[in-house]
Amino acid sequence: MSVSKSKENAAPGVLDALRATPRSVRYLLGGVLLNQLGAFVQTFLVLYLTHRGYGVDKAGFLLGAYGVGAVAGTVLGGELTSRLGSRNTITTAMGCSAVLVFLIPWLADPGDYPLLLGVVVVLGLMTQSYRPAASALLSDLMPDEFRVMGFSMLRIAMNIGAAAGPLLAAGLIQIDWNLLFWVDGSTALAYALLAAILLPRPAPTAGAQHPGAAREAHRSAYGTMVRDHRFLLYLGSMLLSALVYAQFFAVLPVDLDEAGHPTSLYSGVLTLSSALLISFELAVTARISRWRASTAATVGTFVYCLGIAGYGLPGSVPALVLLTTAVSVGGLMISGPTLWAHPAKADEKVRGRYIAASQTVFGLGSAVGPALGMLMWTHYGDGVWATCAVLGTVAAALAFAGLRSSDEPRNAAEDTDAAEDTDPAGRTDAAERTEPAEPDPAEKTVAAEDAGEARVTAAVEEVPGETAIPSGR
């Protein structure tokens, strides 16, 4: 019995996860990869607009407007996911994105600046709206024991697209700058069609909600999030982690240049980080998938931020910079999938909003992080890396406190297994189950209140969900 039990509790391998991945999830991941491969707007918008005659200031402002729309887009995506379902949200968001991207070459003349500004803001809004829906659908479809590895697959798909996209863009630019946006729009449209045809349809609802009841249900969902103190601690960890993460792209290249290193060193850092994430993240996730969620999040966050702080070591040489990069990427591989998967454990009625809140907070930190980092670097130099170490330590502590609730169900199940294993006679205690002990009066009261609350929730807070597909839960 002990042998079979150890096999059951063994960490699932990469091949196990790939075999257990439903076909719908493979379609979802393929769409994410395709869309990310052609996501050129944020990366090349400034260069494109300066090529079309814009000044750097106006082009930079347009990119900032796109970023504002992107941060708001994750909030919108959470709402659409709760109201329309994941499939319809992805289809709508990607379809609208395709149309808006196609418009950019037609509105890129400096005289059309006000129209282009509006298009760019809405484009950022729609482009990011699909992400909460994709995460919610992935959580619904993946078996519980492979959920964290499913989010690792999602991250890998995005990283592959982000790594290969600039290479594709370099070839397109040699032909025609406008091809960037024709290809970008085409990949978004292809993702919309893929979602409409291949992803699961939302389950039909029993009947339409009264408008007042629907509004009360949505308010209740946000109230649940605000009262979830552990989740607020988790959001604090995500915000601080994003502030640190932003310095990898903002301060590091400037700092390396100031130290006299060639530009090729930063290119090597980017290449190394992408290669490590794509090559090893799924294998690392398989090894830590049986860790407690709080342990994986805490250790990974601390190691990542410690690696980022290592860029401030005195007398850094290229080999040390690359080693520091490997350490920080190792921390990302340990904590990233667990942190991404955590909001997807929320109840289905509020899951989309939890995921959206997580992605919005991280996006906000990534948006303001570069400005704060450059301001600090200008005044305090390498002190910015020491600040990253402090923020990383706080982020790790908040991750530990925020994800402790994720450990409780797993620990309870382990305690049950241990109790069964220690029964010397191998009995199932059927006699005790047929004569349950009289519950405490306080427990009766709580159970009655919970039952009444459940009836009210079923009547008032019913939210359309996804089609009933086995998810392992």
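Residues numbered from 1 in each chain as written. Predicted model: local features only at pLDDT ≥ 70, side-chain atom pairs only at ≥ 80, totals over all residues. Heavy atoms only, no water.

Student: Even after reading the chapter, I still don't get the overall build of the chain, so can you show me in this structure?
Tutor: Counting its regular elements, the chain contains 19 helices and 0 strands. Burial analysis of the chain (473 residues in total) assigns 44% to the buried set. Counted over contacts in the chain with a minimum sequence separation of 6, partners at least 24 positions apart contribute 87%. Summing over all exposed atoms, the chain offers an accessible surface of approximately 22,500 Å²; the carbon and sulfur share of this is 65%. (Helix = DSSP H or I, 4+ residues; strand = E, 2+ residues; numbered from the N terminus. Buried < 20%, exposed > 50% of the residue type's maximum accessible area, 1.4 Å probe, protein only. Contact = heavy atoms within 4.5 Å. Areas by Shrake-Rupley, 256 points an atom, 1.4 Å probe, with all protein chains shown as cover.)

Student: Hey, could you run me through the packing of aromatic side chains in this one?
Tutor: For any two aromatic rings, the description comes down to two numbers: the centre-to-centre distance and the angle of the planes. Inspection of the entire model under this criterion finds 15 aromatic pairs. On the numbers, 6.1 Å between centres and 45° between planes, the contact of Tyr54 with Tyr113 is tilted. Of this pair, Tyr54 sits in the loop between helix H4 (41-51) and helix H5 (56-84) while Tyr113 sits in helix H7 (residues 113-141); the two residues are 59 residues apart in sequence, bridging distant segments of the chain. Considered together, Tyr54 and Tyr113 belong to a single accessibility category, that of buried residues. Judged by centre distance (5.4 Å) and plane angle (70°), the ring pair of Tyr245 and Phe249 falls under edge-to-face. We classify Tyr245 as partly exposed; its relative accessible area is 28%. Here Phe249 falls in the partly exposed class, since its relative accessible area comes to 45%. Feature note: the residues Tyr245, Phe248, Phe249, Tyr266, Tyr304 and Phe362 constitute an aromatic cluster, connected by ring pairs. (Phe/Tyr/Trp six-rings, centres within 6.5 Å; stacked < 30°, edge-to-face > 60°.)

Student: Looking at this structure, how should I read the nonpolar core?
Tutor: Core analysis: the largest hydrophobic core is formed by 63 residues, its most contacted members being Leu49, Ile90 and Leu180. Secondary-structure elements contributing two or more residues to this core are helix H3 (23-37), H4, H5, helix H6 (86-103), H7, helix H8 (147-175), helix H9 (179-198) and helix H13 (263-288). Examining the composition of this core, we find that 13 residues originate from one element, H7, more than from any other. Setting aside anything within four residues of it in sequence, one finds Leu49 in contact with Tyr54, Ala59, Leu62, Ala108 and Leu116. Grouped together as the second largest cluster of nonpolar side chains are 22 residues, Leu256, Tyr304, Leu332 and Trp377 included. (Core = buried A, V, L, I, M, F, W, Y, C linked by side-chain atoms within 4.5 Å.)

Student: It is not clear to me how the confidence of the model for the chain should be interpreted in this structure. Could you clarify?
Tutor: Regions with low pLDDT should not have their predicted coordinates read in detail. Residues at a pLDDT of 70 or more form 78% of the chain, whose mean pLDDT is 79. The least confident element of the chain, judged by mean pLDDT, is helix H18 (residues 430-434) at 39; the most confident is H6 at 94. Within the model, the stretch residues 1-8 combines pLDDT values under 50 with 3 contacts to residues more than four positions away or in other chains. Overall, residues 408-473 carries pLDDT values under 50, and its contacts beyond four positions in sequence, including any with other chains, amount to 63 contacts. (pLDDT = per-residue confidence, 0-100.)

Student: How do you make sense of the pattern of salt bridges when you look at a structure like this?
Tutor: Opposite charge on two side chains lets them pair, provided their charged atoms get close. Across all of its chains, the model carries 6 salt bridges by this definition. One salt bridge connects Arg52 with Asp109, and the closest N-O pair in it is separated by 2.9 Å. Here Arg52, found in the loop between H4 and H5, pairs with Asp109, found in the loop between H6 and H7; they are 57 residues apart in sequence, far enough to count as distant. Assessed through its relative accessible area of 38%, Asp109 is described here as partly exposed. (Salt bridge = Lys/Arg side-chain N within 4 Å of Asp/Glu carboxyl O.)

Student: Could you clarify how one ought to interpret helix H11 (residues 229-246) in this entry?
Tutor: One turn of an α-helix holds 3.6 residues; hence residues three or four places apart share an orientation. Under the 1.5 Å per step criterion, the end-to-end length of H11 is 26 Å for 18 residues, consistent within 8% with the ideal 26 Å. Along H11, the positions that sit buried rather than exposed are Phe231, Tyr234, Leu235, Ser237, Met238, Leu240, Ser241, Ala242, Leu243, Val244 and Ala246. (Expected span 1.5 Å × (residues − 1).)

Student: How do you make sense of the environment of Leu84 when you look at a structure like this?
Tutor: Looking at the element boundaries, Leu84 is found in helix H5. Considering only alpha carbons, one finds Leu84 and Ala133, 49 residues apart in sequence, at a separation of 9.7 Å.

Student: Help me understand the packing of H7 against H8, please; the structure alone is not making it clear to me.
Tutor: The geometry of a pair of packed helices is captured by two quantities: the angle between their axes and the separation between those axes. Packing of H7 against H8 leaves a shortest axis separation of 9 Å and a crossing angle of 145°. The hand of the H7/H8 crossing is right-handed. On the side of H7, the interface is formed by Arg131, Ser135, Leu138 and Ser139, while H8 contributes Arg147, Gly150, Phe151, Leu154 and Met158. When grouped by side-chain class, the residues that make up the contact of H7 with H8 number 4 nonpolar, 3 polar and 2 charged. (Axes fitted to C-alpha atoms, helices over the stretch in contact; angles between N-to-C directions. Left-handed = near helix turned anticlockwise from the far one by under 90°. Nonpolar A, V, L, I, M, F, W, Y, C, P; charged D, E, K, R; others polar.)

Student: Sorry, what's going on with the side chain of Ser237 here?
Tutor: Assignment of secondary structure puts Ser237 in helix H11. At 2.8 Å, the side chain of Ser237 and the backbone oxygen of Ala395 are in polar contact. Apart from residues lying up to four places away in sequence, Ser237 is in contact with Ala395, Leu398 and Ala399. (Polar contact = N/O pair within 3.5 Å; in protein donor to acceptor, adjacent residues only side chain to side chain.)

Student: Which parts of the structure should I look at to understand H6?
Tutor: Between its first and last C-alpha atoms H6 spans 26 Å; for 18 residues at 1.5 Å apiece the expected length is 26 Å, and the two agree. Within the sequence span of H6, burial applies to Ser86, Arg87, Thr89, Ile90, Ala93, Met94, Ser97, Ala98, Leu100 and Val101. The inward-facing, buried residues of H6 abut H3, H4, H5, H7 and H9.

Student: I tried to follow the packing of H3 against H8 on my own but got confused; where do I start?
Tutor: Remark: H3 packs on H8, axes separated minimally by 7 Å, with the N-to-C direction vectors making an angle of 25°. In terms of their interaxial angle, H3 and H8 are classed as roughly parallel. The crossing of H3 and H8 is right-handed. Across the interface between the two elements, Leu29, Val32, Leu33, Gln36 and Leu37 from H3 touch Met153, Leu154, Ala157, Met158, Ile160, Gly161, Ala162, Ala164, Gly165 and Leu168 from H8. Classifying every residue of the contact of H3 with H8 gives 12 nonpolar, 3 polar and no charged. (Parallel < 35°, antiparallel > 145°, perpendicular 65-115°, else oblique.)

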